[in-house]
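Chain by chain, the residues run as shown.
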Amino acid sequence: MSSAAESATAGFLVWRLSMKWRVAVDRAVAPLGLTHAQYSLMASLYGMSRSGLRPSQRRLADHTGLEPLYVSKLARALEAAGLVARTRDPSDPRAMQLSLTEQGRDVTRRAITVVQGLLDQLLEPLGGQDSARTRQFNRELATLLDVPLDVPLDAPLDPHTENDKEQP
């Protein structure tokens, strides 16, 4: 670990790791005609459909952590590309259900293989995807993801803080 990383805040390191991952996935799936966000939506949809689910756009937004409006825009673009089908939910006519087309399943399977190779590279220093360190790392990430981060609307926006460490 570099000396700069040793003195960085956890927030900065999370930001840097997420940006490193996003850029790597963007580059890796670009030859398949996808962006990282499109891959995230399609891979999540693929996994949910394998579990027998046909999620609404809202449920997929909740699952991925993407904003519902962004999921809607992504789904429309993927539908135009022939990768996703959007249909009205029979139990809620306001909601749209999403499913992968045959072409979408093919592209997603290929993208998952590529991204799994990246994940192997990323987790190698922890002993690989099946190591005890990686399992602990996953548990710690899941713990952090469960923490609500609702910022109060009346939070002071003071540019002069006691802690001037880099934070995104």
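In this text the structure is predicted, and so the values were computed from the model without any measurement. (Residues numbered from 1 in each chain as written. Predicted model: local features only at pLDDT ≥ 70, side-chain atom pairs only at ≥ 80, totals over all residues. Heavy atoms only, no water.)

> Is there a simple way to think about the overall build of the chain in this case?
A count of helices and strands for the chain gives seven helices and two strands. Secondary structure elements in the chain, listed N-terminal to C-terminal, are α-α-α-α-α-β-β-α-α. Within the chain, the fraction of its 168 residues that count as buried is 27%. Within the chain, contacts between residues at least 6 apart in sequence are counted, and of these 48% link residues at least 24 apart. When the accessible surface of the chain is split by element, carbon and sulfur atoms take 55% of a total near 11600 Å². (Helix = DSSP H or I, 4+ residues; strand = E, 2+ residues; numbered from the N terminus. Buried < 20%, exposed > 50% of the residue type's maximum accessible area, 1.4 Å probe, protein only. Contact = heavy atoms within 4.5 Å. Areas by Shrake-Rupley, 256 points an atom, 1.4 Å probe, with all protein chains shown as cover.)

> Looking at this structure, how should I read helix α6 (residues 102-123)?
Along an α-helix, residues three or four positions apart point the same way, because every turn accommodates 3.6 residues. With 22 residues, α6 should reach 32 Å at 1.5 Å per residue; the first-to-last C-alpha distance of 31 Å fits that figure. Along α6, the residues classified as buried are Gly-104, Val-107, Thr-108, Ala-111, Val-115, Leu-118 and Leu-123. All buried residues of α6 project into a common sector of 130 degrees when viewed along the axis, lining one side. (Expected span 1.5 Å × (residues − 1). Arc of directions from axis to C-beta.)

> Quick question: what am I supposed to make of the packing of helix α3 (residues 36-50) against α6 here?
Any two packed helices are characterised by how steeply their axes cross, that is the angle between the axes, and by the distance between the axes. Two elements in contact, α3 and α6, have axes separated by 10 Å at closest approach and are oriented at 105 degrees. Taken together, α3 and α6 sit at an angle that is classed as roughly perpendicular. Contacts from Tyr-39, Met-42, Ala-43 and Tyr-46 in α3 reach Gly-104, Arg-105, Val-107, Thr-108, Arg-109, Ala-111, Ile-112 and Val-115 in α6. Here the residues of the contact of α3 with α6 are counted per class, giving eight nonpolar, two polar and two charged. (Axes fitted to C-alpha atoms, helices over the stretch in contact; angles between N-to-C directions. Parallel < 35°, antiparallel > 145°, perpendicular 65-115°, else oblique. Nonpolar A, V, L, I, M, F, W, Y, C, P; charged D, E, K, R; others polar.)

> In this structure, what is going on with the pattern of salt bridges? I would like to understand it.
Side chains bearing opposite charge may pair, as long as their charged atoms lie close to each other. All chains considered together, the criterion is met by six salt bridges. Across the pair Arg-22 and Asp-26 runs a salt bridge whose closest N-O atoms are separated by 3.4 Å. In this pair, Arg-22 and Asp-26 both sit in helix α2 (residues 10-29), four residues apart, roughly one turn of the helix. Asp-26 gets classed as partly exposed once you look at its relative accessible area, which sits at 22%. In this structure, Asp-106 engages Arg-110 in a salt bridge whose closest nitrogen and oxygen atoms are separated by 3.5 Å. With Asp-106 and Arg-110 both in helix α6, this residue pair falls four residues apart, about one helical turn. Of the residues examined, Asp-106 reaches a relative accessible area of 35% and is grouped as partly exposed. Arg-110 gets classed as partly exposed once you look at its relative accessible area, which sits at 42%. Connected through salt bridges with shared partners, the residues Glu-102, Arg-105 and Arg-109 form a single ionic network. (Salt bridge = Lys/Arg side-chain N within 4 Å of Asp/Glu carboxyl O.)

> Before we go on, may I ask you to explain the environment of Arg-133 in this structure?
If you trace the backbone, Arg-133 turns up in helix α7 (residues 132-145). Residue classification places Arg-133 among the exposed residues on the basis of a relative accessible area of 51%. In this structure, the C-alpha to C-alpha distance between Arg-133 and Leu-123, residues 10 residues apart in sequence, is 9.3 Å. Apart from residues lying up to four places away in sequence, Arg-133 is in contact with Pro-125 and Leu-126.

> Help me understand helix α4 (residues 57-64), please; the structure alone is not making it clear to me.
For α4, the full list of buried residues reads Gln-57, Leu-60 and Ala-61. End-on view of α4: buried residues confined to an arc of 105 degrees, all on one side of the axis. Exposed side chains of α4 directed beyond 90 degrees from the buried face belong to Arg-58 and Asp-62. Where α4 is buried, its residues meet α3, α5 (68-80), β1 (84-89) and β2 (92-100). Gly-65 sits one or two residues past α4 and shows a positive phi near 85 degrees.

Shape descriptors only; they carry no functional weight alone.
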